[in-house]
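# Commentary on secondary and tertiary structure
Each chain, letter by letter, is given below.
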Amino acid sequence: MLGQLIVSGLAVGFCYALLALAMVIIYKTSDVLNFAQGEMAMISSFMAFVFLESYQLSFPIALALTLLFAAALGALLEFVFLRPAKNPTVIGMIIITLGFEMILMGIAGWKWGPDQRNLPFPIPSFETYNFAGLVVSKINFWTIIVCLVLIVILFLFFQYSKLGTAMRATQQNRLVARLMGIRTKRIFSFTWALSSLIGAVSGMFIAALTVLDPPMMMDPLMKAFASAVLGGMTSLPGAAVGGTILGVVENLFGGYISLPFKSVVAFAVIVLMLCVRPSGLLGKHFVKKV
Amino acid sequence: MRGKNAEGGCVDIKRSYYEDIELFKSKTILVWSVILLAVLLILPWFIAKTHFLGMSVYLLNLIIIHCIVAIGLNILVGYTGQISLGHAGFFAIGAFTTVMFVGQMGLPLFIALPLGALISAGAGFILGLPALRLEGPYLAIATMGFGMAVTTIIKHMEFFGGRMGLQAPKLYLFGTAMKDIHFYYVICAVGVILTIAAVKLFKTKVGRAFIAIRDSDVAAETMGVNLNYYKTLSFAVSAFYTGVAGGLYAFILGFINPEGFHIIMSITFLAMVVIGGVGSIMGSIAGAILMTYLDVKLQAIQDIPGIGALLVHFSEQYMSMGGISNVAIIVYGLIMVLIILFEPLGIFGIWIRTKKYWKTYPF
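Residues numbered from 1 in each chain as written. Chains lettered and ligands numbered in written order. Predicted model: local features only at pLDDT ≥ 70, side-chain atom pairs only at ≥ 80, totals over all residues.

### Here we look at the overall build of chain B
The number of helices and strands found in chain B is 15 helices and 6 strands. Relative to the globule expectation of 21 Å for 363 residues, the C-alpha radius of gyration of chain B, 22 Å, shows essentially globular dimensions. In terms of its C-alpha atoms, chain B occupies a principal-axis envelope of roughly 65 × 50 × 50 Å. In chain B, which comprises 363 residues, the proportion classed as buried is 44%. Pairs at least 24 residues apart make up 73% of the contacts formed inside chain B by residues separated by at least 6 positions. (Helix = DSSP H or I, 4+ residues; strand = E, 2+ residues; numbered from the N terminus. Rg over C-alpha atoms; globule rule 2.2 N^0.38 Å. Buried ≥ 20, exposed ≤ 12 C-beta atoms within 10 Å, placed from the backbone. Contact = placed C-beta atoms within 7 Å.)

### Brief notes about the overall build of chain A
Along its length, chain A carries 11 helices and 2 strands. Relative to the compact-globule value of 19 Å for 290 residues, chain A shows a C-alpha radius of gyration of 19 Å, a close match. Put simply, chain A has 290 residues, and 50% of those count as buried. Sequence separation of at least 24 residues holds for 74% of the intrachain contacts in chain A that already meet a minimum separation of 6.

### Description of the interface of chain A and chain B
Taken together, the contact pairs 42 residues of chain A with 41 residues of chain B. Put simply, the parts of the chain that give the side of chain A that touches chain B at least two residues each are α4 (90-112), α9 (218-231) and α11 (264-276) of chain A. In terms of residue count, α4(A) provides more of the side of chain A that touches chain B than any other element does, 18 residues in total. Looking at the side of chain A that touches chain B, its residues break down into 35 nonpolar, 6 polar and 1 charged. (Nonpolar A, V, L, I, M, F, W, Y, C, P; charged D, E, K, R; others polar.)

### Topic: helix α7 (residues 180-201) of chain B
Residue and element names in this part refer to chain B. With 22 residues, α7 should cover 32 Å at 1.5 Å per step; its first-to-last C-alpha distance of 30 Å lies within 8% of that length. Residues of α7 that are buried include every one of Phe 183, Tyr 184, Ile 187, Val 190, Gly 191, Leu 194 and Ala 198, and no others. An end-on view of α7 places all buried positions within 145° of arc, on one side of the element. What points out from α7, more than 90 degrees from its buried face, is the exposed set Ala 189, Ile 193 and Lys 200. Looking at the buried residues of α7, the elements they touch are α2 (27-50), α3 (57-79), α10 (227-253) and α12 (281-299). (Expected span 1.5 Å × (residues − 1). Arc of directions from axis to C-beta.)

### As for the confidence of the model for chain A
Per-residue pLDDT for chain A averages 85, and the proportion of residues at 70 or more is 97%. Strand β1 (residues 128-131) of chain A is the least confidently modelled element of chain A, averaging 77 in pLDDT, while helix α3 (residues 59-82) of chain A averages 90, the highest of any element. (pLDDT = per-residue confidence, 0-100.)

### A short note on the confidence of the model for chain B
Considering every residue of chain B, the mean pLDDT works out to 84; 95% of them sit at 70 or more. Scored below 50 in pLDDT, residues 1-9 of chain B makes 12 contacts in the model with residues more than four places away or belonging to other chains.

### A short note on the packing of α4(A) against helix α14 (residues 327-342) of chain B
Axis angle and axis distance: for two packed helices, these are the angle between their axes and the distance between the axes, and together they describe the pair. Direction vectors running N to C along α4(A) and α14(B) enclose 155°, while the axes themselves pass 7 Å from each other. Considering their axes alone, α4(A) and α14(B) lie roughly antiparallel with respect to each other. As α4(A) packs across α14(B), the resulting crossing turns out to be left-handed. Looking at side-chain class alone, the contact of α4(A) with α14(B) contains 17 nonpolar, 5 polar and no charged residues. (Axes fitted to C-alpha atoms, helices over the stretch in contact; angles between N-to-C directions. Parallel < 35°, antiparallel > 145°, perpendicular 65-115°, else oblique. Left-handed = near helix turned anticlockwise from the far one by under 90°.)

### Topic: the pairing of β1(A)
Residues and elements named next belong to chain A. Pairing analysis gives 4 bridges linking β1 to strand β2 (residues 134-137), with the strands arranged antiparallel. Among the inter-strand pairings, Phe 131 is bridged to a residue of β2, identified as Leu 134. Connecting β1 to the antiparallel partner β2 that follows it, the hairpin turn spans 2 residues, and Ala 132 within it adopts a positive phi of roughly 45°. (Pairing = 2+ DSSP bridges.)

### Examining the packing of helix α11 (residues 263-276) of chain B against helix α15 (residues 346-359) of chain B
All names here are of chain B. Two elements in contact, α11 and α15, have axes whose closest approach is 3 Å; the angle formed by their N-to-C orientations is 10°. With respect to α15, the element α11 is oriented roughly parallel. Where α11 approaches α15, its residues Val 274, Ile 275 and Gly 276 are matched on the opposing element by Gly 346, Ile 347 and Phe 348. Residue classes in the contact of α11 with α15 are distributed as 4 nonpolar, 2 polar and no charged.

### Let's talk about the environment of A:Phe69
Residues and elements named next belong to chain A. Along the chain, the position of Phe 69 falls in helix α3. As for Phe 69 and Ser 44, which are separated by 25 residues in sequence, their C-alpha atoms are 7.0 Å apart. If near-sequence neighbours (up to four positions away) are discounted, Phe 69 is found in contact with Ser 44 and Met 47.

### Remarks on helix α1 (residues 2-30) of chain A
Residues and elements named next belong to chain A. The end-to-end C-alpha separation of α1 is 41 Å, in line with the 42 Å expected for 29 residues at 1.5 Å each. Among the 29 residues of α1, 22 are classified as buried, and the element is accordingly described as predominantly covered. Directly after α1, the chain includes Asp 31, whose backbone phi takes a positive value near 60°.

### Details of the environment of B:His262
Residue and element names in this part refer to chain B. Relative to the helices and strands, His 262 is located in the loop between β6 (255-256) and α11. With 16 C-beta atoms counted inside 10 Å, the residue His 262 sits in the partly exposed group. Residues His 262 and Met 319 lie 57 residues apart in sequence; the distance between their C-alpha atoms is 25 Å. In this view, His 262 contacts Ala 88 and Thr 151; residues no more than four positions away in its chain are not counted.

### Focus on the environment of A:Thr97
All names here are of chain A. In this fold, Thr 97 is placed in helix α4. Residue class for Thr 97 comes out buried when judged on the 23 C-beta atoms lying within 10 Å of it. In this structure the C-alpha to C-alpha distance between Thr 97 and Val 32, which are 65 residues apart in sequence, comes to 8.5 Å.

As structure tokens, then:
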């Protein structure tokens, strides 16, 4: 029972972690909290559904097209809406991303209606693996593996690649980064594209684990926020760790204490964390200058 | 009192403290206020007879309720500089507690409404406690979580009717059941009182403390403003307004269900404030009127002449007919984004610019 709950918690937790990572990447570079992250992932998952179901493409091609679409969507939103905003306030930025959220949700609702669908995923959700008595469904197993690999790739990318270094430089000081010859505007577009792409992977797994319908990302978005707060909004490893912890804790709470109140755990985590340690588990403490 | 400057244009000069705190700044405003009240009195009869602009008395009630919410949220967002994405939670608390007080305990509405609003204000106070340590995006997340937690909790409490929701009891006035048009006068009276209270609030010590916190919380604290007290108070006042509106909403809707108070509702409340103009009571009212009207009208977009037929054709060709009401959400989102990009002060900003233009007309 305990092992089972932990494993399924890990699978969901890694999905949260990916979504939280996508959010933290944007938050770190441009100080924008992206409320549209969930809806961007949802639209991308629907595109995957269209490629797989309507055009009957094979899974790898459909996946590649979906990721391409997700990246283009992220870059487009940044280019069309965020770039023209002059001296935006924090509230203004939040309103802009909330506006995206509503636009994307409206488009999805208009195109696909309120029906619940199943994303045709190549990994069956009913077959299981058996690891010495621990029964793990195939979908959970592969979710954990893929998300873990993706998180490791992301860390390597940020740490060692030239583009990753440029992104970190932009995060630290935009002006100096520009003086050093980094095209910061292009970095912002790229950040949004990368973030949207990571979100799309998470969205596809969440669609495979649950169902595919327009409001499907509402709850995971909240969980991703909770994960990011838990790990520290400005720390990439923090977001990954926070997501995993949240997924497991939430599942244990659902299994042992109360299933209906499972989704309140995220709120409790946010409030507790913000009261005890506002900068998160792994975030650096931030002192406000007057 | 208005003085004339050398060029002959009007400038607002305040010569004493009492002039600053008076409700009607000039005779003109007093006259227009009286005219506005008279219009509010006869408006439901006019609407019920002519259906001007496709309005109904129900829509009128909804608009006034949203005005109350927008004013309450503006006290928090526009005047204290906090942000909330959880006002649907307070709205739900107000609605459910008021219905419970009237339905289960048999209290009359004029007692149940303030009681429900006070419970909502209590919830606002509790949410205000973690909000003391948060700002900007963190606060947005925490309040959004609060809104979602409230609906989840209500959904799983049998006491509140669970997933099925609650039926609002029929109200009687002198032995006859109240209709929309009777409710209109109740709602309108509450709305006018709360609007005047909000305008007056910012002439008192409390209101000025809110504004000081918005402009700079560090400076406000240095000047002796108790941040903890005033920030939680701001949340409580804002929640009180929203709770009153929620209680009224339950009765005009007749039936409330926790699913109805979702995150999109909180976002639309915030949108009303931002579109109307952050930090302006009149702006909130304008934003609430515009967005509620648009929302209700766009829900049935296929009935609008001209665009409707075109959209139906487009939906049949490329989209789905079942989801055509989602056009409302798209328009809503677009307005939100465009107003931030091009007119950050919202409708109030446009009004200020027009006023300035005409005051100094040829120049």
